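# Chains, contacts and geometry: an overview
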Amino acid sequence: MAVKNIDPELAEELLAKAREAATRAYCPYSNFHVGAAILVGNQIYTGANVENASYGLTICAERTASFAAVLAGHIRFDAIAVSCVDVSADHAQLHPEMLMPCGACRQLLSEFAEPETVILVDRAGKFKLKDLLPNAFRLLNRPNN
Ligand code: THU
């Protein structure tokens, strides 16, 4: 069951994992390191963005983390953290949109999370998936609907 509210210590741990994962990003083109961490039970799965010379093939941190969790057998996420570590403190304050998960990743996460699932966005705040992606597209044959 998705955590409706997350213990502050656990939230900090999840954010720390996302920041650490960002150091493993492969992003020679943008030099914009992003990390994500997904909580499932007492396990945490991480991911980072992986870019490609054919730019459109780039994959975001939220998606590599999601795939790590799915490949470990989990299709229900309890909480997610994302960190865009290269955004300066000034930019983070003036342009928090630089810290937010992209639209494609919001949709991807909605496959494995509930509308109430917490998404921690480093330096931007704590959100619920339904606030980041209202009226998400879903099909009826999604497992456990
Ligand atoms: N990126 C992510 O990893 N997650 C997002 O939600 C937004 C963007 C990555 C993709 C690309 O490697 C870099 O950030 C710049 O767009």
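This text follows the structure it describes.
Residues numbered from 1 in each chain as written. Predicted model: local features only at pLDDT ≥ 70, side-chain atom pairs only at ≥ 80, totals over all residues. Heavy atoms only, no water.

## A short note on the packing of helix H2 (residues 61-71) against helix H4 (residues 103-112)
Relative to each other, H2 and H4 sit at 20°, their axes nearing to 9 Å. Relative to H4, the element H2 lies roughly parallel. H4 is crossed by H2, and the crossing has left-handed handedness. Along the contact surface, H2 presents Glu62, Arg63, Ser66, Phe67 and Val70, while H4 presents Ala104, Cys105, Leu108, Leu109 and Phe112. Residue composition of the contact of H2 with H4, by class: seven nonpolar, one polar and two charged. (Axes fitted to C-alpha atoms, helices over the stretch in contact; angles between N-to-C directions. Helix = DSSP H or I, 4+ residues; strand = E, 2+ residues; numbered from the N terminus. Parallel < 35°, antiparallel > 145°, perpendicular 65-115°, else oblique. Left-handed = near helix turned anticlockwise from the far one by under 90°. Contact = heavy atoms within 4.5 Å. Nonpolar A, V, L, I, M, F, W, Y, C, P; charged D, E, K, R; others polar.)

## Description of the packing of aromatic side chains
Here the structure, examined in full by the defined rule, presents two aromatic pairs. Centre to centre, the rings of Tyr29 and Tyr55 are 5.6 Å apart; their planes meet at 45°, and the pair counts as tilted. Of this pair, Tyr29 sits in the loop between helix H1 (8-22) and strand S1 (34-40) while Tyr55 is found in the loop between strand S2 (43-48) and H2, placing the two residues 26 residues apart along the sequence. Judged by its relative accessible area of 43%, Tyr29 is partly exposed. With relative accessibility at 58%, the residue Tyr55 sits in the exposed group. Seen in terms of ring centroids, Phe77 and Phe112 are 5.2 Å apart; in terms of plane orientation they differ by 35°. Their pairing is tilted. (Phe/Tyr/Trp six-rings, centres within 6.5 Å; stacked < 30°, edge-to-face > 60°. Buried < 20%, exposed > 50% of the residue type's maximum accessible area, 1.4 Å probe, protein only.)

## Let's talk about the site of the ligand
Neighbouring the ligand are the residues Ser30, Phe32, Val34, Asn49, Glu51, Thr58, Cys60, Ala61, Glu62, Pro101 and Cys102. Contact between the ligand and Asn49: an oxygen atom at 2.9 Å from a side-chain N or O atom of the residue. In the model, an oxygen atom of the ligand is placed 2.5 Å from a nitrogen or oxygen of the Glu51 side chain. When atoms are counted within 2 Å of each cavity's grid points, the one that captures over half of the ligand is the largest pocket. When grouped by side-chain class, the residues that make up the shell around the ligand number six nonpolar, three polar and two charged. (Near = heavy atom within 4 Å. Polar contact = N/O pair within 3.5 Å; in protein donor to acceptor, adjacent residues only side chain to side chain. 1 Å grid on protein atoms, 1.4 Å probe; cavity = no way out; pocket = protein on both sides within 12 Å on 5 of 7 lines; lining within 4 Å. Sits in = over half its atoms within 2 Å of the grid points.)

## Observations regarding the sheet that holds strand S3 (residues 79-84)
On the basis of which strands lie adjacent, the open sheet formed by five strands has the order S2-S1-S3-S4-S5 and mixed pairing. Each edge of the sheet is formed by a strand with only one pairing partner; in this case those strands are S2 and strand S5 (125-128). The sheet shows a mean angle of 20° between the axes of neighbouring strands, taken without regard to direction. When S3 meets strand S4 (residues 118-121), the two strands line up parallel, connected through four bridges. The residue bridging Ala79 from the neighbouring strand is Val118, located in S4. (Pairing = 2+ DSSP bridges.)

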